[in-house]
Structures are given as C-alpha cells and as structure tokens.
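Structural overview
So you can see what is in the structure, the chains are spelled out below.
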Amino acid sequence: MPEATSSADTRQRILTATNELFRLQGFNATSMSQIVKASQSTTGSVYHFFPGGKDELTAEVLRTSGRAYGELVEMLVRSASDPAEGMQVAFAGAAELLVETDFIDPCPIGTVAREVASTHEDLRQVAAEVMDQWAEMLTSVLTDAGISAERAEPLATLCIATIEGGFIAARTHRHVAPFLSAGQLLKGLIADELPR
C-alpha cells in the first residue's frame, strides 16, 4: 500500500508541476526537463506515467485542471442566491487570485488552447472538450435557475469567453478593473434572463 501511495503522489506531483509551469510560461516554453525538475521526479517516472510524453501529460493536465476549475466555478455559482450573483462572486474570487499571484494566469486551459489551436489538433480537441464540459455545466446551472435552454446555452458560452478574455485583459493591463467590469456586465445579462 505505501508503494501505491508513493506512486500516486509522484503522478500528482508531475501533474501539479506541469499545471503550474503552463500557468507561468505556457505550453511551448515548458520543457520536459523543467517538468522533471519542478516535480522533483525523474524522466523515467514522467514517461512511466505518461508514455506518450509531453502531449499525453498535457492532455491529462487539461482534463484534470479543467474538471477542477469547472467544479470550483459551479460550486461558487450554485452557492449564491442566484447565478447572476454567483457569477459575480466567481469573478471577484478570480480577481483576488490574479492580484495575489502577481497576474500569473489563473487557468492553464485558455493559455494552452491559444497556443495549440492552430498547431496541435489532438490537444486542441482536448481543450475543446474541456470548454464544452464547462459550457454544459453552466447551461445546467442557468436552466436550473429557470432560464430557458435557448438562452442558457449562448449565455454559458458568453460566460466562458468573458472569463478567458477577461484574464487576458487583466494580465495585459496588470489590473483587475477590466476583468471586474466584464463580470459586472455579465451579471446584468444573466439577471435579465432570470424569471421574475
């Protein structure tokens, strides 16, 4: 049993280190040697868990971090009085994280997706799957609050585009004001669709 725990710990360290490197410097600038060093593992360990190398590791980072970020956003939005308020809470939390981390990208999904969209079809598809899962989750949250599916689906897509685009604007300007403004506008759009 201790060996299994150690093995699981090593795999998780590799995923966590890769996720952090992607947040800091993106996919193309991250090398396998950096991943080995940051995860305090060996090249053999990385290839043991991810025989497909960097591509397989990246796909798993996208899936696991995408799932975690999706669950966090869903929890924040569902725990609020309504999804409009919840989305504003999610934006406020992300803004705090941006400031606390000196504007490191809070989410590697958009960063990697922008890099691979035109150059790496397999990883583009994985990133698209993650964003589709986010859209389905947000559509479900919005329809559960009484918004029609016809309106909830495009609103969910707008939420994702606003969050990811807001990250770019905030990091470029090194200020959260544009990000929070976008979140406030999104709150209003969602509120307008809620049943009275």
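A brief structural summary. (Residues numbered from 1 in each chain as written. Predicted model: local features only at pLDDT ≥ 70, side-chain atom pairs only at ≥ 80, totals over all residues. Heavy atoms only, no water.)

Our next topic: the pattern of salt bridges. Under the definition given, this model contains ten salt bridges. In this structure, the salt-bridge partner of Glu 20 is Arg 23, at a minimum N-O distance of 2.9 Å. With Glu 20 and Arg 23 both in helix α1 (residues 2-25), this residue pair falls three residues apart, about one helical turn. Here Glu 121 ties to Arg 124 by a salt bridge, and the two come within 2.6 Å at their closest N and O atoms. Highlighted residues: Glu 121 and Arg 124, both in helix α7 (residues 121-144), separated by three residues, approximately one helical turn. Since its relative accessible area comes to 41%, Glu 121 is described here as partly exposed. The class for Arg 124 is partly exposed, based on a relative accessible area of 29%. Among the charged side chains, a network of salt bridges with common partners joins Glu 74, Arg 78 and Asp 144. (Salt bridge = Lys/Arg side-chain N within 4 Å of Asp/Glu carboxyl O. Helix = DSSP H or I, 4+ residues; strand = E, 2+ residues; numbered from the N terminus. Buried < 20%, exposed > 50% of the residue type's maximum accessible area, 1.4 Å probe, protein only.)

There is about 400 Å³ of room inside the largest pocket. Around the largest pocket sit 20 residues that line it, and Tyr 69, Val 73, Ala 94, Ile 163 and Phe 167 are the ones nearest its centre. If you list the elements that add at least two residues to the lining of the largest pocket, you get α4 (53-79), α5 (83-100), α7 and α8 (149-173). Among the residues forming the lining of the largest pocket, the class breakdown is 17 nonpolar, two polar and one charged. (1 Å grid on protein atoms, 1.4 Å probe; cavity = no way out; pocket = protein on both sides within 12 Å on 5 of 7 lines; lining within 4 Å. Points joined across faces, edges and corners; volume = space filled by probe spheres on them. Nonpolar A, V, L, I, M, F, W, Y, C, P; charged D, E, K, R; others polar.)

To continue, consider unusual backbone geometry. Even without glycine at this site, Asp 102 takes up a positive phi of about 55°. With respect to the helices and strands, Asp 102 occurs in the loop between α5 and α6 (108-116). Taking relative accessible area as the criterion, Asp 102 reaches 48% and is therefore assigned partly exposed. The phi angle at Arg 174 is positive, at roughly 55°, despite the residue not being glycine. In this structure Arg 174 comes out as partly exposed when scored by relative accessible area, which is 44%.

Here we take up the packing of α5 against helix α9 (residues 177-193). Following both chains from N to C, one finds α5 and α9 inclined at 170°, their axes separated by 8 Å at the closest point. Between α5 and α9, the crossing angle belongs to the class labelled roughly antiparallel. Contacts between α5 and α9 pair Pro 83, Ala 84, Glu 85, Met 87, Gln 88, Phe 91, Ala 92, Ala 94, Ala 95 and Leu 98 from the former with Phe 179, Leu 180, Ala 182, Gly 183, Gln 184, Leu 186, Lys 187, Ile 190 and Ala 191 from the latter. (Axes fitted to C-alpha atoms, helices over the stretch in contact; angles between N-to-C directions. Parallel < 35°, antiparallel > 145°, perpendicular 65-115°, else oblique. Contact = heavy atoms within 4.5 Å.)

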